[in-house]
Amino acid sequence: MDAQQSAETIRQQLIRYLETNPCGVRELSQALHQSEKEIYDHLAHVERSLRAEGRRLVVEPPVCLHCGFVFTGRTRPTSPGRCPRCKKTRIRRPRYHISAADK
C-alpha cells in the first residue's frame, strides 16, 4: 500500500479505483483488502456521494454465461444465484464504474 492509499478513506479509494477500472465487487475486495459485504455497503454511500458531485455509479447488470440472459432491473447489489431462463449457475457478477451524470 502506498502513502496515497493510506491517507485516503476506503470510499475515496473505491472512487479512485472505479474511475479507471470497471470491475466487480470481488476485484474491489481484493484490491482494497475489505470483505465483499463491506464493499457492497460502501458502494451505496459512494453512489450518493457521486450523485452530489454530478457523477454516477454505473452498474453493468449480471449476465448468465450459459444462455446470455441479462438481469436488468435488478435492485439487489449482490449477484443472483441462478438464471431464471436456463437454471444454470454460471453468472457473471455485476460490474461497476463511474461516469459523468446524464444531463
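Whatever comes next refers back to the structure up there.
Residues numbered from 1 in each chain as written. Predicted model: local features only at pLDDT ≥ 70, side-chain atom pairs only at ≥ 80, totals over all residues. Heavy atoms only, no water.

(A) Representation of the packing of helix α2 (residues 10-20) against helix α4 (residues 36-52) within the structure. Packing of α2 against α4 brings their axes to within 10 Å, and their N-to-C directions diverge by 75°. One way to sum up the angle between α2 and α4 is to call them roughly perpendicular. Taking contact as the criterion, the partners of Ile10, Arg11, Leu14, Ile15 and Leu18 in α2 are, on α4, Ile39, His42, Leu43, His45, Val46 and Leu50. Of the residues that constitute the contact of α2 with α4, the class distribution is eight nonpolar, two polar and one charged. (Axes fitted to C-alpha atoms, helices over the stretch in contact; angles between N-to-C directions. Helix = DSSP H or I, 4+ residues; strand = E, 2+ residues; numbered from the N terminus. Parallel < 35°, antiparallel > 145°, perpendicular 65-115°, else oblique. Contact = heavy atoms within 4.5 Å. Nonpolar A, V, L, I, M, F, W, Y, C, P; charged D, E, K, R; others polar.)

(B) Geometry of the sheet that holds strand β1 (residues 23-24). Judged by pairing direction, the sheet is antiparallel, and its three strands sit side by side in the order β1-β5-β2 without closing on themselves. The open sheet has two edge strands, β1 and β2 (55-60), and neither has a second partner. Against the sheet, α4 engages β2 and β5 (95-100), with an angle of about 140° to β2. (Pairing = 2+ DSSP bridges.)

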